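This is what each chain is made of:
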Amino acid sequence: MAKQKGVISLVGTIGELNFYYRKGKPVARIAGGGFTAEAIKTKASMVRVRENSSEFGRCSKVKSAFRIALFPFLKFYKEGSLHGRMMQLFQGIKDCDGSSDRGSRTVGQGILTTAGKALLRDFEFTPTFKFEGVVPLKGVYDDLTCTYTVTDFDLRTVRFPKGASHVELQLGVLGVDFDTAIYQLATASPMLVAKGAVVGSFSLQPSSLPAVGLHRFAYLGITFYQEVGGIPCVLREEGTIGVVRVG
């Protein structure tokens, strides 16, 4: 790369040189560097680029749909790295697809593997929210009935953030077909309890369930509220909103 000198700064291609601006300064280089859209589509040397682009596009579609499906749980959660971490998650699941050729690997095939299932199971949507330390629940999820049952829930063990007056628990069962991008979220009625209340045992179950045949994943959302003028308002500080997979 060379710098242009002179009264007139050129832009464009003349002979074997490209003239353009980089960071506000006129520079020049030998023409033919980089690659064009046509080259990506046709050149044999670009086959890996085409394969990666195709797989990336499918993963991006899955990521977007998955995040939209979980919007009721994530709508108040703000974290700049969530988009990138979810892309890494679904690309990792796609890489678990060992039955398809490069360029044709999918999240739908990857999630059928033990490794793919483990990646989704262990993914932390809200890593700053540590459930075990904040809300120690003794919960059990039943895959057949899609019911989450908690026994002996003692609200005194919950670490309420400063200013919090209520905590809300909500169960969502997400049905997914990764290949057709069909997503169905069934939610139980939110359970909002005031600090100091006596709770004991309870169950959360959606009134309807995702269609049979879809992959089902159960998520528990926990949100802390602060009562303002008699109305519970969502606390949006770090560590006040959490989403964890329970089934």
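No experiment lies behind these values; they were computed from the predicted model shown.

### A look at the overall build of the protein chain
Then comes step 1: From N to C terminus, the protein chain includes seven helices and 13 strands.
Then comes step 2: A buried classification covers 39% of the 247 residues belonging to the protein chain.
Then comes step 3: A fraction of 62% describes how many contacts in the protein chain between residues 6 or more apart in sequence connect residues 24 or more apart.
Then comes step 4: Surface summary for the protein chain: the accessible area is close to 14,100 Å², and the carbon and sulfur share equals 54%.

### Re the packing of aromatic side chains
Then comes step 1: Within this structure, the stated rule accounts for 10 aromatic pairs.
Then comes step 2: Their ring planes at 0° and their centres at 6.4 Å tell us that phenylalanine 66 and phenylalanine 125 sit as a pair that is stacked. One end of the pair, phenylalanine 66, is in helix α2 (residues 47-69); the other, phenylalanine 125, is in the loop between α6 (114-122) and α7 (131-134), with 59 residues separating them in the sequence.
Then comes step 3: By relative accessible area, which is 0% here, phenylalanine 66 ends up buried.

### Things to note about the confidence of the model for the protein chain
Then comes step 1: Scored by pLDDT, the protein chain has a mean of 82; 79% of the residues are at 70 or more.
Then comes step 2: Mean pLDDT across the secondary structure elements of the protein chain bottoms out at helix α1 (residues 37-42), with 50, and peaks at α6, with 94.

### Describing the side chain of histidine 166
Then comes step 1: With respect to the secondary-structure elements, histidine 166 resides in strand β7 (residues 166-177).
Then comes step 2: In this structure the side chain of histidine 166 is engaged in a polar contact, spanning 2.8 Å, whose partner is the side chain of serine 165.

### Describing the sheet that holds strand β5 (residues 139-142)
Then comes step 1: Within the open sheet, the three strands sit side by side as β5-β6-β10. Their pairing is antiparallel. Of all the strands in the sheet, the pair left with one neighbour each is β5 and β10 (200-204). With strand direction ignored, the average angle separating the axes of adjacent strands in the sheet is 15°.
Then comes step 2: Where strand β6 (residues 147-153) lies against β10, four bridges are found, and the strand directions are antiparallel.

### With respect to the pairing of strand β9 (residues 191-194)
Then comes step 1: Side chains of β9 alternate between two faces, with Met191 and Val193 buried and Leu192 and Ala194 left unburied.
Then comes step 2: The pairing of β7 with β9 spans four bridges and is antiparallel. Paired with valine 167 across the two strands is valine 193, which belongs to β9.

### Quick notes on the pattern of salt bridges
Then comes step 1: Counted by the stated rule, this structure contains six salt bridges.
Then comes step 2: Note that arginine 85 is salt-bridged to glutamate 79, the shortest N-O span being 2.9 Å.
Then comes step 3: Lysine 130 is paired through a salt bridge with glutamate 124; the nearest N and O atoms lie 3.9 Å apart.
Then comes step 4: Residue classification places lysine 130 among the partly exposed residues on the basis of a relative accessible area of 45%.
Then comes step 5: On the basis of relative accessible area, glutamate 124 is assigned to the partly exposed category, the value being 42%.

### A word on unusual backbone geometry
Then comes step 1: The phi angle at cysteine 146 is positive, at roughly 55°, despite the residue not being glycine.
Then comes step 2: Within the fold, cysteine 146 resides in the loop between β5 and β6.
Then comes step 3: Overall, cysteine 146 belongs to the buried group, its relative accessible area being 1%.
Then comes step 4: Phi is positive for aspartate 152, close to 50°, though the residue is something other than glycine.
Then comes step 5: Tracing the sequence through the fold places aspartate 152 in strand β6.
Then comes step 6: According to the relative accessible area criterion, aspartate 152 is exposed, its value standing at 56%.

### Some thoughts on the side chain of threonine 223
Then comes step 1: Assignment of secondary structure puts threonine 223 in strand β11 (residues 215-228).
Then comes step 2: For threonine 223, a relative accessible area of 11% translates into the label buried.
Then comes step 3: Sequence-distant contacts of threonine 223, defined by excluding residues within four places in its chain, comprise His166, Val167, Glu168, Val234, Thr240 and Ile241.

### Thoughts on the environment of tyrosine 219
Then comes step 1: By secondary structure assignment, the location of tyrosine 219 is in strand β11.
Then comes step 2: With relative accessibility at 1%, the residue tyrosine 219 sits in the buried group.
Then comes step 3: The spacing of tyrosine 219 and tyrosine 148 is 71 residues in sequence and 9.7 Å in space, taken between C-alpha atoms.
Then comes step 4: Those residues within four positions of tyrosine 219 in sequence are excluded, and the remaining contacts are Phe66, Leu70, Phe73, Leu120, Phe125, Gln170, Leu171, Gly172, Val243, Val244, Arg245 and Val246.

Calculation criteria
Residues numbered from 1 in each chain as written. Predicted model: local features only at pLDDT ≥ 70, side-chain atom pairs only at ≥ 80, totals over all residues. Heavy atoms only, no water. Helix = DSSP H or I, 4+ residues; strand = E, 2+ residues; numbered from the N terminus. Buried < 20%, exposed > 50% of the residue type's maximum accessible area, 1.4 Å probe, protein only. Contact = heavy atoms within 4.5 Å. Areas by Shrake-Rupley, 256 points an atom, 1.4 Å probe, with all protein chains shown as cover. Phe/Tyr/Trp six-rings, centres within 6.5 Å; stacked < 30°, edge-to-face > 60°. pLDDT = per-residue confidence, 0-100. Polar contact = N/O pair within 3.5 Å; in protein donor to acceptor, adjacent residues only side chain to side chain. Pairing = 2+ DSSP bridges. Axes fitted to C-alpha atoms, helices over the stretch in contact; angles between N-to-C directions. Salt bridge = Lys/Arg side-chain N within 4 Å of Asp/Glu carboxyl O.

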